[in-house]
Amino acid sequence: MNKRLLLWSGLGAATLPVMIGAAWILSLPPAPPAGAAPPIAQEEADATIAALKPPKRQRPRPRPLIAIIGANEGTETTDYLMPYGILRRADVADVSVLGTKTGLVTLYPALAVEPQATVADFDARHPEGADYVIVPAMRRDDDPVVLHWIRRQATKGAIIVGVCAGAKVVASAGLLDGKRATTHWYYLEELRHKHPTIQYVADRRLVVDRGVATTTGITASMPMSLTLIEAIAGRDKAEAIARDLGVRDWSARHDSDAFQFTRPFALTAIGNTIAFWNWERLGIELRPGLDEVSLALVADAWSRTYRSRAVTFADTSSAIETRNGIRIFPDRIATSWPAGQLLPTIGDHLPAHVLDQIPHAIMARYGRDTANLVAMQLEYQEQRVLRRFEDR
């Protein structure tokens, strides 16, 4: 079994160090090299926006239709919820989150949500297809319902957007063959091995080629969503939503060399997994009107420490509706949570500011190495934070 995938999945914790082997650990690089993301030429930025313009249709819509597909058995939390929350904030398109079938969509590493429709429901309502289909990372890259549906949407003219490791799903559908693309750094080797005709593009958070877009890791769905807003409604609208989110820059700039499978990454994941007596369940209180972008970031990040899992609670078993109409079911029915294991209320903090605070909060609780472990998994773009951690 691939050692990296074994480590990422958390399987076989008790035997993990033996299976991986000291020699392999020592062969890993000690830390990512320091560097700077190369600038993006204006011509390239303009071409990206042009490539993401709403598809031209024989019967133009009043505004674009965007579908975010999720496999009920496992879809990545932030990949699924962040584009929805940001695009709904912008109110420049009709946006729906879908499931492959009826019932809850189980998100990983945290949250369970009720999709607004199934793919069959969507097809019945919109036989002409979506303008954009956003494909998050999923536990399975080969779900036959997902693959068939996104192929059909592509043939109807939809622009397909593979977020993070959602690129693996898009590739499995045959939609990336011979095209330029990117993905989460952790899965790049696997993607290129299974699909050798893909042309990997380094140092870009977003790559668009002939009707298919792909992004780097988990946090890249924020700049991707803003870029999509700019393509649909113009720069001024994107800037307004960026201010509302607390985002300073959403260009495709990315320092790919900063995200690698390193010795500290492996050792921290192994050490935290083995120390099961230190594992915690950290509570997040679900309240009506919560911002789904901030909620997704908090639940996702704190469930990636290998020390903790975010657990939602509410005083009811009924779904709690977020700011933009996502129905989330609590993991626990409770009126309170132990104070020492209660995550701070998300409140009115801007989502990008919430993201900036997360590594510092994790470092304060679990130390620098675990903060870096989470930042690497999120492919957190703010290298100044990572470097500061390394320098302490």
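Not measured: the values here are computed from a predicted model.

### As for the packing of helix α12 (residues 263-274) against helix α15 (residues 368-378)
Okay, so step 1: Between α12 and α15, the least distance of the axes is 9 Å, while the angle of their chain directions is 110°. Considered as vectors, α12 and α15 are oriented roughly perpendicular to each other. Helix-helix and strand crossings are classified by hand; for α12 and α15 the assignment is left-handed. Packed against α12, whose contacting residues are F265, T268, A269 and N272, the element α15 presents D369, T370, L373, M376 and Q377 at the interface.

### Examining the pairing of strand β1 (residues 65-70)
Okay, so step 1: Burial of β1 is extensive: six of the six residues sit out of reach of the surface.
Okay, so step 2: Side-chain alternation along β1 places L65, A67 and I69 on one buried face and I66, I68 and G70 on a second face that is also buried.
Okay, so step 3: Sheet analysis places β1 next to strand β3 (residues 94-99), joined by six bridges and oriented parallel. Directly across from I68, in β3, lies its bridge partner V97.
Okay, so step 4: Taken together, the three bridges between β1 and strand β7 (residues 132-135) define a ladder with parallel strand orientation. Bridge pairing in β7 places A67 opposite V133.

### Observations regarding the packing of helix α5 (residues 77-90) against helix α11 (residues 235-245)
Okay, so step 1: Two elements in contact, α5 and α11, have axes whose closest approach is 10 Å; the angle formed by their N-to-C orientations is 120°. Judged on the interaxial angle alone, α11 and α5 are oblique. Crossing hand, α5 versus α11: right-handed. Residues I86, R89 and A90 of α5 touch α11, and the partners they reach there are K237, I241, D244 and L245.
Okay, so step 2: Residue classes in the contact of α5 with α11 are distributed as four nonpolar, no polar and three charged.

### Points about the pairing of strand β4 (residues 105-108)
Okay, so step 1: With two bridges connecting them, strand β2 (residues 75-76) and β4 associate as parallel partners. Within β4, the residue paired with E76 across the bridge is Y108.
Okay, so step 2: With two bridges joining them, β4 and strand β5 (residues 112-114) adopt antiparallel strand pairing. Bridge pairing in β5 places V105 opposite V113.
Okay, so step 3: Here β4 folds back onto β5, and the loop between the two strands holds three residues, one of which, L111, carries a positive phi near 85°.

### Observations regarding the packing of aromatic side chains
Okay, so step 1: Using the criterion set out here, one finds 10 aromatic pairs in the structure.
Okay, so step 2: Here Y186 and Y187 contribute two aromatic rings whose centre-to-centre distance is 5.4 Å and whose plane-to-plane angle is 70°, an arrangement assigned as edge-to-face.
Okay, so step 3: Aromatic side chains F276 and W277 sit 5.3 Å apart centroid to centroid with 75° between the ring planes, which places their arrangement in the edge-to-face category. Neither residue differs from the other here; F276 and W277 are each classed as exposed.
Okay, so step 4: These aromatic residues form a ring-pair network of at least three members: W185, Y186, Y187, F261 and F265.

Rules and cut-offs
- Residues numbered from 1 in each chain as written.
- Predicted model: local features only at pLDDT ≥ 70, side-chain atom pairs only at ≥ 80, totals over all residues.
- Heavy atoms only, no water.
- Axes fitted to C-alpha atoms, helices over the stretch in contact; angles between N-to-C directions.
- Helix = DSSP H or I, 4+ residues; strand = E, 2+ residues; numbered from the N terminus.
- Parallel < 35°, antiparallel > 145°, perpendicular 65-115°, else oblique.
- Left-handed = near helix turned anticlockwise from the far one by under 90°.
- Contact = heavy atoms within 4.5 Å.
- Buried < 20%, exposed > 50% of the residue type's maximum accessible area, 1.4 Å probe, protein only.
- Pairing = 2+ DSSP bridges.
- Nonpolar A, V, L, I, M, F, W, Y, C, P; charged D, E, K, R; others polar.
- Phe/Tyr/Trp six-rings, centres within 6.5 Å; stacked < 30°, edge-to-face > 60°.

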